[in-house]
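Working through the structure, step by step
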Amino acid sequence: MSTLTLEILGTGCKKCQQLEANAKEAVKNLNLTAEINHITDTIEIATRGIMSTPALAINGRVVSTGKVLTPEQIQPLLQK
């Protein structure tokens, strides 16, 4: 399986930081290799059509917006 790319889209607020931490934990729990990027540029976020942050994108596909997913909620998304 190729390396996953996860993107946390948000301005860097506490919720965005929590989502990033939860994504890292989900990757670790599944023993996966992933590149995790935090995108804080509001123009980039808006260009992707995201109106509510934090958002999570996996391999370029937005899978969640406006909420902080738990590691347990993120794990199934990583296995698709």
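Definitions and limits used
- Residues numbered from 1 in each chain as written.
- Predicted model: local features only at pLDDT ≥ 70, side-chain atom pairs only at ≥ 80, totals over all residues.
- Heavy atoms only, no water.
- Core = buried A, V, L, I, M, F, W, Y, C linked by side-chain atoms within 4.5 Å.
- Buried < 20%, exposed > 50% of the residue type's maximum accessible area, 1.4 Å probe, protein only.
- Helix = DSSP H or I, 4+ residues; strand = E, 2+ residues; numbered from the N terminus.
- Contact = heavy atoms within 4.5 Å.
- Pairing = 2+ DSSP bridges.
- Axes fitted to C-alpha atoms, helices over the stretch in contact; angles between N-to-C directions.
- Right-handed = clockwise from strand over helix to strand, strands pointing away.

Quick look at the nonpolar core
- Formed by 13 residues in total, the largest nonpolar core has its most connected members in Leu 6, Leu 19, Leu 56, Ile 58, Leu 69, Ile 74 and Leu 78.
- Of all the elements in the fold, those that place two or more residues in this core are β1 (4–9), α1 (14–29), β3 (55–58) and α3 (71–78).
- Beyond its immediate sequence surroundings of up to four residues, Ile 58 is in contact with Leu 4, Thr 5, Leu 6, Val 63, Leu 77 and Leu 78.
- With six residues, the next largest nonpolar core counts Leu 9, Ile 39, Ile 45 and Ile 50 among its residues.

A word on the sheet that holds β1
- The sheet built from four strands is open, its strands ordered β2-β1-β3-β4 with mixed pairing. The open sheet terminates on both sides in strands that have one partner only, identified here as β2 (34–39) and β4 (61–65). Shown here is a sheet whose adjacent strand axes are inclined to one another by a mean of 20 degrees, direction ignored.
- As paired elements, β1 and β3 share four bridges and run antiparallel to each other. When the bridges of β3 are listed, Leu 6 appears paired with Ile 58.

Digging into the pairing of β1
- The buried fraction of β1 is high, at five of six residues.
- Here β1 pairs with β2 via six bridges, running parallel. For Leu 4, the partnering residue across the bridge sits in β2 and is Ala 34.
- The β-α-β motif built from β1, the intervening α1 and the parallel element β2 has right-handed crossover chirality.

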